[in-house]
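Next come the chains, spelled out residue by residue.
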Amino acid sequence: MRKDAKTFFELAEKERVAVKRGHKYVNLIIADSPDTRYVSEDWIKEFLAIPGEFRVNPFEISPSGDLFYADKRNLERVDEAIAQARDGQVSKLSKEELSVLLGL
């Protein structure tokens, strides 16, 4: 790869190039802009699993495209929790309560 980087870059313009490094892969992807976002097939499947009426573009909220933000129901819960906190309806959990809640 070090000696033939130019060859790999040129090849990536024509076909998919993945370089194995340890137990992980580096995918070479050609784009016209560094801001172009890429998602995996698994991400697409999970996104499409969200019912259409609740689906939103997560990249408008999260630069990573976290699927939590792709579901309007999650966003409504966050907004509701923020509103409750502003109204003083939320109380802070003790360390013990938090441990029990998280199963620690």
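See the structure shown above.
Residues numbered from 1 in each chain as written. Predicted model: local features only at pLDDT ≥ 70, side-chain atom pairs only at ≥ 80, totals over all residues. Heavy atoms only, no water.

Draft legend 1. Highlighting the pairing of strand 2 (residues 24-28). Here strand 1 (residues 17-21) pairs with strand 2 via 5 bridges, running antiparallel. Bridge pairing in strand 2 links Ala18 to Asn27. Taken together, strand 1 and the strand that follows it, strand 2, pair antiparallel across an intervening segment of 2 residues, in which Gly22 is found at a positive phi of about 70 degrees. (Pairing = 2+ DSSP bridges. Helix = DSSP H or I, 4+ residues; strand = E, 2+ residues; numbered from the N terminus.)

Draft legend 2. Up close: the packing of aromatic side chains. Enumeration over the complete set of coordinates arrives at 3 aromatic pairs. Both rings, one in Trp43 and one in Phe59, keep their centres 5.8 Å apart while their planes meet at 35 degrees; by these two values the pair is tilted. Remark: Phe59 occurs in the loop between helix 2 (41-49) and helix 3 (72-86) and Trp43 occurs in helix 2; sequence separation between them is 16 residues. Taking relative accessible area as the criterion, Trp43 reaches 18% and is therefore assigned buried. Linked through ring pairs, Trp43, Phe47 and Phe59 together constitute an aromatic cluster. The ring centre of Phe54 lies 4.2 Å from the NZ or CZ of Arg73, which sits over that ring. (Phe/Tyr/Trp six-rings, centres within 6.5 Å; stacked < 30°, edge-to-face > 60°. Buried < 20%, exposed > 50% of the residue type's maximum accessible area, 1.4 Å probe, protein only. Lys NZ or Arg CZ within 6 Å of the ring centre and 35° of its normal.)

Draft legend 3. Up close: the pattern of salt bridges. Summed over the entire model, instances satisfying the criterion amount to 2 salt bridges. Of the charged contacts, one joins Lys6 and Glu10 as a salt bridge, the two residues approaching to 3.8 Å between their closest N and O atoms. Taken together, the residues Lys6 and Glu10, both in helix 1 (residues 5-12) and 4 residues apart, mark about one turn of the helix. Overall, the relative accessible area of 61% leaves Lys6 in the exposed class. (Salt bridge = Lys/Arg side-chain N within 4 Å of Asp/Glu carboxyl O.)

Shape descriptors only; they carry no functional weight alone.
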